[in-house]
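Letter by letter, the chains look like this.
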Amino acid sequence: MSTYLLVHGAWHSGQCWERVVPLLAAAGHRVVAPTLTGYGDTAHLAGPEVGLDTHVDDIVGLITGEDLTDVVLVGHSYAGLVISSAANQVPERIGHLVYLDAMVPEDGESAADVQPISQAMIDQAVASESGWRVPPPAEMEPPRGLFGVTEPADVAWLRSMLSDQPVRCLQEPVRLDNPAVNAIPRTHIHCVANVPEGIIRRPVPAIQPNGTPAQVWELETGHDCMITMPAELSELLLKLG
């Protein structure tokens with residue numbers, strides 16, 4: 001049995017994994033899909049002080065508090081930053097890092113460094129009345145929809161779980177200064193259908209930090225594959241358990 005720790009991206013909540021969790025659990029694995037501070041049922045905790053470091057503390061605290069080991073740590077989108085810094089703190093507890101259509105940072109980089117389009121969101125939030133709120137993006141015309149979700153019922157469900165993103169999440173830097181983190185194997189899963197303009201995906205180096213060949217898989221769907229292709233995503237994740 002492996003432990004899958006599924007970390008949602010910006011604006012979302014742990015509820016977004018609802019279709020994936022039972023598929024992994026049915027294969028005999030433990031699955032944890034927390035909601036990070038400031039989202040979903042913790043949206044009332046959001047504020048200008050909530051940032052990337054807050055979310056890293058959420059995940060590290062969960063891993064150590066539950067004494068989780070050999071964790072398959074999955075980060076979607078913004079959570080690529082979260083899982084990177086979390087693994088840097090507790091590398092001995094992580095069995096595999098999965099970057100799910102995610103930001104893949106280097107040491108000291110922020111979201112704006114990895115995904116430059118984030119800077120416009122930062123500027124708008126700082127200039128807004130609140131000074132810190134980054135609202136979810138608007139739904140686009142099909143086939144791009146809302147985070148790649150286009151079915152009306154799914155769009156309504158997704159919209160019900162979205163919250164504003166604290167701007168500090170996009171500003172704080174990732175810490176990857178622990179050499180032990182380089183030994184953790186990585187897998188990259190890319191959602192390759194209908195990628196919005198302005199989104200940049202860095203090429204995955206042919207060799208992972210641990211010296212093994214890169215492992216890159218693709219799903220022919222939009223960004224929120226846990227909603228649009230839960231079975232296909234689960235099948236890929238189960239290869240890592």
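Each value, and the rule that gives it
- Residues numbered from 1 in each chain as written.
- Predicted model: local features only at pLDDT ≥ 70, side-chain atom pairs only at ≥ 80, totals over all residues.
- Heavy atoms only, no water.
- Helix = DSSP H or I, 4+ residues; strand = E, 2+ residues; numbered from the N terminus.
- Rg over C-alpha atoms; globule rule 2.2 N^0.38 Å.
- Buried < 20%, exposed > 50% of the residue type's maximum accessible area, 1.4 Å probe, protein only.
- Contact = heavy atoms within 4.5 Å.
- Areas by Shrake-Rupley, 256 points an atom, 1.4 Å probe, with all protein chains shown as cover.
- Lys, Arg positive; Asp, Glu negative; His and termini not counted.
- Charge placed at Lys NZ, Arg CZ, Asp CG, Glu CD.
- Arc of directions from axis to C-beta.
- Pairing = 2+ DSSP bridges.
- Axes fitted to C-alpha atoms, helices over the stretch in contact; angles between N-to-C directions.
- Expected span 1.5 Å × (residues − 1).

K.L.:
Go over the overall build of the chain, please, and point to the residues and values.
P.N.:
For the chain, the count of helices and strands is nine helices and eight strands. Its C-alpha atoms give the chain a radius of gyration of 17 Å, near enough to 18 Å, the size a compact globule of 241 residues would have. The principal-axis extent of the C-alpha atoms belonging to the chain is close to 45 × 35 × 35 Å. A total of 241 residues make up the chain; the buried ones form 51% of that total. Counting contacts in the chain only where the partners sit at least 6 residues apart, residues at least 24 apart contribute 74% of the total. For the chain, the exposed surface amounts to about 10,400 Å²; the carbon and sulfur share of it is 51%. Each charge sign in the chain was given a centre, from 12 positive and 30 negative side chains, and these centres are 2 Å apart.

K.L.:
Run through helix H9 (residues 230–238), naming residues and quoting values.
P.N.:
Buried within H9 are the following residues: Pro-230, Leu-233, Ser-234, Leu-236 and Leu-237. Considered in projection along H9, the buried side chains sweep an arc of 160° and stay on one side of the axis.

K.L.:
So what about the sheet that holds strand E8 (residues 216–219)? Which residues, and what values?
P.N.:
Strands pair in a sheet through their backbones, by hydrogen bonds, and they do so in one of two ways: parallel or antiparallel. Spatially, six strands are ordered E2-E1-E3-E4-E7-E8 in an open sheet, and the strand pairing comes out parallel. In this open sheet, the two edge strands, each paired with only one partner strand, are strand E2 (30–32) and E8. Here the strands of the sheet are splayed against their neighbours by 20° on average, with no regard to which way each runs. Judged from the four bridges that link them, strand E4 (residues 94–100) and strand E7 (residues 186–191) form a sheet pairing that is parallel. The residue of E7 that forms the bridge with Leu-97 is Arg-186.

K.L.:
Lay out unusual backbone geometry in plain terms, naming residues and giving numbers.
P.N.:
For the peptide bond that leads from Pro-142 to Pro-143, omega is 15°, which places it in the cis range. Note on placement: Pro-143 falls in the loop between strand E5 (133–134) and helix H6 (152–161). Here the phi dihedral of Asp-70 falls at roughly 50°; this positive angle occurs in a residue that is not glycine. Since its relative accessible area comes to 48%, Asp-70 is described here as partly exposed. One non-glycine residue with positive phi stands out, namely Asp-101, at about 45°. Judged by relative accessible area, Asp-101 falls into the buried class, the value being 12%.

K.L.:
Go over helix H2 (residues 52–65), please, and point to the residues and values.
P.N.:
Compared with an ideal rise of 1.5 Å per residue, which puts 14 residues at 20 Å, H2 spans 19 Å between its outermost C-alpha atoms and is within 8% of the ideal. Looking at the buried side of H2, the elements it contacts are strand E1 (3–7), E2, strand E3 (71–76), helix H3 (79–89), E4 and helix H7 (168–171). Two residues or fewer after H2 comes Asp-67, characterised by a positive phi angle close to 50°.

Note that all results are geometric; they support no functional claim without further evidence.
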